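# Coordinate analysis (summary)
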Amino acid sequence: MEEKINSLKNELDEVFLSFIKDKNEVKSLFDLDLLESKYLGKKSFIAQTLKNINDFPQQIKPLVGKTVNETRKKIEDDIKLLRDDFTKVEYDKKLREEKFDLTLPGRTLTYGSKNIISQVIEEIQEIFIGLGYEIAEGPEVETDYYNFEALNHPPDHPARSLHDTFFISENILLRTHTSPVQIRYMEKHKLPVYIIAPGKVYRKDYDVTHTPMFTQIEGLAVDKNINFGNLKWTLETLAHSVFGKDRKVRFRPHYFPFTEPSAEVDVSCNICGGDGCRVCSGTGWLEILGAGMVDPNLYKFVNYDPETVNGFAFGMGVERIAMLKYGIDDLRLFFENDIRFLKQF
Ligand code: DAH
């Protein structure tokens, strides 16, 4: 019996020696797993001996168990130490590889900005709110009555054909200007009236300076004792706020069916300083809006007394103002929504 134990001890010594030799070859956690399964796994000498312990005589079984377990414990302890070492080494390596470089520049978020047309509308609204005006609105799908008739364009008036109107039916159309808001507002309000009305308008037109949809701002001041001097001061104030105090402003006689007298308003060209260049077509002036004293005939449509009230009106194209203010030479840029263009403003 002693012989059996001694021979088992010898075998276990050999196993342990072999383990120590193999252990020195281990270079990674993966190698360590292989080592563990070779010496402690199901097919290992140790596991097999314990499994077949019944092959030993009854009396020495406890001793066999104790002997085998001593070696097993030594192997387990060694493997545990080694595993801790390798885990730490691999963790450190990972940390080194994945470390943050705090000197790298951050990733910036791209952000949008307000469309330039909205910016110009807001700027002009602010100026007029400062002068005591209110903001008004009207529908983009209009009737012939508000777009033309009540604005002094009777059915066969030649000025109608200047508008290149999109008709929806005989009497329904896409408004060609924001002027119908004048009529709609006066119909519903008593004096005094001080409004500006921004909005989209539509005309059958498409080239570098015309698009089928564009934006206008309408202005209307109706009260008692309003004269052309008030109109002139108001529009000069507008032009100087938008384009700068150094710009000259001039009124040129013009014709609009709903104002009398009527004028077109120009600012001096900032490219050539008034000498004449390509941008101002050699005139030294840039047209910015149309205006005039409200034709008393309009008051009949809204039940105001033409004998006692008077007022002025004006209308401007927002894209045109933006083009002149920012030096943009193609109207279509406003509608393409190219982020590189929009970002500049
Ligand atoms: N409605 C005109 C247009 O679209 C612009 C305009 C001119 C409006 C004179 C006015 C005005 O209120 O008085 O061309």
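Reference entry: report on the structure contained in this document. Owing to the predicted nature of the structure, the values given are computational and were not obtained by experimental measurement. (Residues numbered from 1 in each chain as written. Predicted model: local features only at pLDDT ≥ 70, side-chain atom pairs only at ≥ 80, totals over all residues. Heavy atoms only, no water.)

As a further point, take the packing of helix α5 (residues 116-130) against helix α8 (residues 228-243). Two numbers describe how α5 lies on α8: the axes approach to 11 Å, and their chain directions differ by 135°. When the axis of α5 is compared with that of α8, the two are oblique. The two elements α5 and α8 cross, and the hand of that crossing is right-handed. Across the interface between the two elements, Glu 123, Ile 124, Ile 127 and Phe 128 of α5 pack against Thr 234, Leu 238, Ser 241 and Val 242 of α8. Grouping the constituent residues of the contact of α5 with α8 by class yields 5 nonpolar, 2 polar and 1 charged. (Axes fitted to C-alpha atoms, helices over the stretch in contact; angles between N-to-C directions. Helix = DSSP H or I, 4+ residues; strand = E, 2+ residues; numbered from the N terminus. Parallel < 35°, antiparallel > 145°, perpendicular 65-115°, else oblique. Left-handed = near helix turned anticlockwise from the far one by under 90°. Contact = heavy atoms within 4.5 Å. Nonpolar A, V, L, I, M, F, W, Y, C, P; charged D, E, K, R; others polar.)

Turning our eyes to something else, we now look at the sheet that holds strand β1 (residues 134-135). Spatially, 7 strands are ordered β1-β4-β5-β9-β8-β7-β6 in an open sheet, and the strand pairing comes out mixed. The open sheet terminates on both sides in strands that have one partner only, identified here as β1 and β6 (249-256). Of the pairings in the sheet, the one linking strand β5 (residues 213-223) to strand β9 (residues 310-317) comprises 8 bridges and is antiparallel in character. From the neighbouring strand, Gln 216 faces β9, where its bridge partner is Gly 317. (Pairing = 2+ DSSP bridges.)

What follows is about the pairing of strand β8 (residues 285-294). Counting buried residues along β8, 8 of its 10 residues qualify, which places the element largely inside the surrounding structure. The sheet contact formed by strand β7 (residues 259-268) and β8 spans 8 bridges and is antiparallel. By the bridge assignment for β8, Val 265 is matched with Leu 289. The pairing of β8 with β9 spans 4 bridges and is classified as antiparallel. Within the sheet, the bridge partner assigned to Gly 290 lies in β9 and is Gly 315. (Buried < 20%, exposed > 50% of the residue type's maximum accessible area, 1.4 Å probe, protein only.)

On to the side chain of Gln 182, then. Considering the arrangement of structural elements, one finds Gln 182 in helix α7 (residues 180-188). Excluding residues that lie within four positions of it along the chain, Gln 182 makes contacts with Leu 151, Glu 218, Gly 219, Leu 220, Leu 298 and Ala 313.

Let us look at the packing of aromatic side chains. Within the structure shown, the criterion is met by 15 aromatic pairs. When the centroid spacing of 5.5 Å and the interplanar angle of 75° are considered together, the rings of Tyr 133 and Tyr 194 count as edge-to-face. Of this pair, Tyr 133 sits in the loop between α5 and β1 while Tyr 194 sits in strand β4 (residues 193-202), placing them 61 residues apart in sequence. The class for Tyr 133 is buried, based on a relative accessible area of 7%. Through a chain of ring-to-ring contacts, three or more aromatic side chains come together here, namely Phe 128, Tyr 133, Tyr 194, Phe 312 and Phe 314. Sitting over the face of the ring of Tyr 146, Arg 184 holds its NZ or CZ atom 4.0 Å from the ring centroid. (Phe/Tyr/Trp six-rings, centres within 6.5 Å; stacked < 30°, edge-to-face > 60°. Lys NZ or Arg CZ within 6 Å of the ring centre and 35° of its normal.)

Overall, the coordinates contain 19 salt bridges when judged by the stated rule. Of the charged contacts in the structure, one is a salt bridge between Lys 66 and Glu 70, with a shortest N-O distance of 3.7 Å. Of this pair, Lys 66 and Glu 70 both sit in helix α4 (residues 61-98), 4 residues apart, which is roughly one turn of that helix. Classification of Lys 66 by relative accessible area gives exposed; the value is 53%. The partly exposed category is assigned to Glu 70, whose relative accessible area is 46%. Note that Arg 250 is salt-bridged to Asp 266, the shortest N-O span being 2.8 Å. Here the residue Arg 250 occupies a position in strand β6, and Asp 266 occupies one in strand β7, the gap between them amounting to 16 residues. Counted as one network, the salt bridges with shared partners bring together Arg 250, Arg 252, Glu 264 and Asp 266. (Salt bridge = Lys/Arg side-chain N within 4 Å of Asp/Glu carboxyl O.)

This next bit is on the site of the ligand. Neighbouring residues of the ligand: 15 residues in total, closest His 177, Ser 179, Arg 203, Gln 216 and Glu 218. With respect to the ligand, the side chain of Gln 182 contributes an N or O atom lying 3.1 Å from an oxygen atom. Contact between the ligand and Glu 218: an oxygen atom at 2.6 Å from a side-chain N or O atom of the residue. At the level of elements, β5, β8 and β9 are the ones that each hand at least two residues to the shell around the ligand. (Near = heavy atom within 4 Å. Polar contact = N/O pair within 3.5 Å; in protein donor to acceptor, adjacent residues only side chain to side chain.)

Another aspect to go through is unusual backbone geometry. Omega for the peptide link from Leu 191 to Pro 192 comes to -5°, which places this bond in the cis form. Mapped onto the elements of the fold, Pro 192 is located in the loop between α7 and β4. Even without being glycine, Asn 225 reaches a positive phi, approximately 60°. By secondary structure assignment, the location of Asn 225 is in the loop between β5 and α8. In this structure Asn 225 comes out as exposed when scored by relative accessible area, which is 68%. Phi is positive for Ser 281, close to 50°, though the residue is something other than glycine. Tracing the backbone through its elements, the reader meets Ser 281 in the loop between β7 and β8.

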